[in-house]
Amino acid sequence: MDYTLRGHQHKIHGILNGIDYDVFNTDKNDKILWPYDSNNAKDEKYKNKLALQQMLGLPRNPNVFMLGMITRLTDTKGLDLVLHIMKELLSEKVQVVLLGTGEEKYEDAFAAIDNEYDNFRALIKFDRALSKKIYASSDIFMMPSKSEPCGLAQMIACSYGTVPIVRAVGGLYDSIIALRPQWHNDDLAKGTIKVVMTSSSSSTGRSRRVRMFLPLSIPQWAGTSPSQGMPESLYSIYPAISV
């Protein structure tokens, strides 16, 4: 199939999915407690974080870095990489909120981490209203899918002013554009992120280092660099953030 499609690629055009901005908006949304728009996002978005923290029993702190993840808990969603860095990540001054259901091994693994760490919440359920609260409250949205025909979550995150961290596959590759391409190498100068998440093993095979790269695709009204307030250890996990 790959050979055939490449041979006829001049005849083929892809059309990205899109989201309904009447549904996924932030200024006329009854599912978030503090609606916001381009004029007041910087002042109002943190109030949603405080409300979500209170709802989930997390320490209330508007300055803590919050990462959200809303996904099916399956192998294709790259959850093995997330689990690999989770304990290191949670040792920093961050909060992580995960919402989703799926394979039992992932449900059990994230539930166990929830029991161990006060700054992590694993919400093993489907809840559309809660998902909008997570989008509105998070600073970063994680989407390290191994394959993604298109994906909508990264688009929803952008519409909420929440920076998506994605793997460069499928529609994630097509839809996430670097706001500051000079942070990446010359091959990325056109703005499209080609290598977003990689992992490498040591020569002994005993340890693995996960590297994520941050595609800075946020609305211009978001106000500040999304790396502001990023815990120092995250710069080693997400090295392209360093400037």
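Calculation criteria
In this convention, every chain numbers its residues from 1, walking through the sequence in written order. Restriction of local features to residues with pLDDT of at least 70 applies here, the model being predicted, together with a cutoff of 80 or more for giving and counting side-chain atom pairs; totals for whole chains, interfaces and linings are based on all residues. Side-chain measures here rest on the full set of heavy atoms in the structure, leaving out hydrogens and waters. Each helix is a run of DSSP H or I of at least 4 residues and each strand a run of E of at least 2, with the numbering of both proceeding from the N terminus. Relative accessibility under 20% of the residue-type maximum defines a buried residue, over 50% an exposed one, and the middle range a partly exposed one, all with a 1.4 Å probe and only protein chains included. Contact criterion: two residues are considered in contact whenever any of their non-hydrogen atoms come within 4.5 Å of each other. All accessible areas in this document rest on Shrake-Rupley with a 1.4 Å probe, and a residue is counted as covered only by the protein chains that are shown. As used here, the term nonpolar core means buried Ala, Val, Leu, Ile, Met, Phe, Trp, Tyr and Cys residues forming a set that is joined through side-chain atoms within 4.5 Å. Each pair of aromatic rings taken from Phe, Tyr and Trp, with Trp reduced to its six-membered ring, is defined by centres within 6.5 Å and is described as stacked if the planes are under 30 degrees apart, edge-to-face if over 60, and tilted in the remaining cases. Here, a charge over a ring means that NZ of Lys or CZ of Arg falls within 6 Å of the ring centre while also lying within 35 degrees of the ring normal. The rule for a salt bridge is simple: a side-chain nitrogen of Lys or Arg has to be within 4 Å of a carboxyl oxygen of Asp or Glu. We treat two strands as partners when DSSP finds at least two bridges between them. Working convention: axes come from line fits to C-alpha atoms, limited for helices to the stretch in contact. Angles between N-to-C directions cover 0 to 180 degrees.

Draft legend 1. Structural view of the overall build of the protein chain. Per the secondary structure count, the protein chain includes 8 helices and 7 strands. Across the 243 residues in the protein chain, those meeting the buried criterion constitute 49%. Contacts in the protein chain between residues at least 24 apart in sequence constitute 65% of all its contacts with a sequence separation of at least 6. Total accessible area on the protein chain is roughly 12600 Å²; 49% of this is exposed by carbon and sulfur atoms.

Draft legend 2. Examining the nonpolar core more closely. One finds Val-97, Leu-123, Ile-134, Tyr-135, Phe-141 and Tyr-160 to be the most contacted residues of the largest nonpolar core, which totals 29 residues. Listed by contribution, the elements that provide at least two residues to this core are helix H2 (41–56), strand S1 (65–70), strand S2 (94–99), helix H5 (128–137), strand S4 (140–143) and helix H6 (153–159). By residue number, the principal contributor to this core is H6, which donates 5 residues. Setting aside residues no more than four positions away along its own chain, Val-97 makes contact with Leu-56, Leu-58, Met-66, Leu-67, Gly-68, Met-69, Arg-121, Leu-123 and Ile-134. If you look at the next biggest cluster of nonpolar residues, it comprises 22 residues, including Phe-65, Leu-89, Val-96 and Ala-122.

Draft legend 3. Seen up close, the packing of aromatic side chains. Scanning the entire structure with this criterion turns up 3 aromatic pairs. Connected via pairs of aromatic rings, a cluster forms that spans Tyr-135, Phe-141 and Tyr-160. Between Lys-47 and the ring centre of Trp-34, over which it is positioned, the NZ or CZ distance is 4.7 Å. Lying across the ring of Phe-24, Lys-132 places its NZ or CZ 5.6 Å from the centre.

Draft legend 4. Representation of the pattern of salt bridges. All chains considered together, the criterion is met by 9 salt bridges. Between Arg-6 and Asp-2 there is a salt bridge, with the nearest N and O atoms lying 3.0 Å from each other. Within this pair, Arg-6 and its partner Asp-2 are both found in helix H1 (residues 2–7), separated by 4 residues, close to a single helical turn. In this structure, Asp-127 and Lys-125 form a salt bridge, with 4.0 Å as the shortest nitrogen-oxygen distance. Overall, Lys-125 belongs to the partly exposed group, its relative accessible area being 38%. A single salt-bridge network, built from bridges that share partners, covers Asp-75, Glu-103 and Lys-105.

Draft legend 5. Looking closely at the sheet that holds strand S3 (residues 120–123). If you walk across this open sheet you meet the 5 strands as S3-S2-S1-S4-S5, and the pairing is parallel. The sheet is open, and its two edges are formed by S3 and strand S5 (163–166), each paired on a single side. Strand-to-strand, the axes of this sheet are offset by a mean angle of 20°, without reference to chain direction. By the bridge criterion, 2 bridges tie S1 to S4 in an arrangement that is parallel. Bridged to Gly-68 within S4 is Phe-141. Sheet strands touched by H2: S1, S2 and S3. Its angle to S1, the strand with the most contacts, is close to 70°.

The quantities given are spatial measurements derived from coordinates; they are silent on function.
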